[in-house]
Amino acid sequence: GVCLNAAKDSVVLVFDIDRKRAHLQAFGLPGGVIEDGETREKAMVREWREEVGEDAKALRLRHSESREGGKFLHHFFLISPPEGSLREQGFSKEDGLPETGPPEWILLEDIFSGKRKLYFSHLMGLKTVIIRMTVEDPEVAEKLGHLVE
């Protein structure tokens, strides 16, 4: 889920420490797999609660894309900023092994400049969401447009 705070020029990300991808040393957008019987909206709410520690509010689907011949389908939801603080610990799977570090507000400038590494597919989705927001909202365009030119 994409949780932007345009006033602070930042987005909520989690550092991925899943043992399968630990070598990549990258941040990711909170999210995960849709479980059997779940809608994509319910899956986003569950994943957000697990990884960020709050209920996702004001979900709005902004972009969907298929990768690797349709093997992976990403849905990018715009989520309202959390009212409380972000969780202080990362998320662990049922086996107790950590999956993510604690969620953090990361400056968009740090992401787009390469100072903070974000998974490529997440970066492209984030960029698409920001572009769509700049088309719809002149204030967002003025504040964030330079990041996606």
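Below or above, wherever it landed, is the structure these notes cover. Nothing here was measured: the structure is a model prediction, and the numbers come from that model.

**With respect to the environment of Asp55**
By the element assignment, Asp55 lies in the loop between α1 (40-52) and β4 (60-67). Accessibility expressed as a relative area gives 41% for Asp55, which makes it partly exposed. In sequence terms Asp55 and Val45 are 10 residues apart; their C-alpha atoms lie 6.3 Å from each other. In contact with Asp55, not counting residues within four places along its chain, are Trp48 and Arg49.

**Observations concerning the environment of Gly84**
In this structure, Gly84 sits in the loop between β5 (72-78) and β6 (100-107). Residues Gly84 and Gly53 lie 31 residues apart in sequence; the distance between their C-alpha atoms is 9.4 Å.

**Points about the pattern of salt bridges**
Enumeration over the complete set of coordinates arrives at 9 salt bridges. A salt bridge links Glu104 to Arg116; the nearest nitrogen and oxygen atoms lie 3.7 Å apart. One end of the pair, Glu104, is in strand β6; the other, Arg116, is in the loop between α2 (108-112) and α3 (120-136), and 12 residues separate them in sequence. Judged by its relative accessible area of 29%, Glu104 is partly exposed. Each of Glu35, Glu38, Arg46, Glu47 and Glu50 takes part in a single network of salt bridges with overlapping partners.

**Comments concerning the side chain of Asn5**
For Asn5, the position within the fold is in strand β1 (residues 4-5). Residue classification places Asn5 among the buried positions, given a relative accessible area of 14%. If we skip the residues at most four places from it in the chain, Asn5 touches Ser10 and Trp105.

About the criteria used
Residues numbered from 1 in each chain as written. Predicted model: local features only at pLDDT ≥ 70, side-chain atom pairs only at ≥ 80, totals over all residues. Heavy atoms only, no water. Helix = DSSP H or I, 4+ residues; strand = E, 2+ residues; numbered from the N terminus. Buried < 20%, exposed > 50% of the residue type's maximum accessible area, 1.4 Å probe, protein only. Contact = heavy atoms within 4.5 Å. Salt bridge = Lys/Arg side-chain N within 4 Å of Asp/Glu carboxyl O.

None of the figures reported here should be taken as evidence of function without further support.
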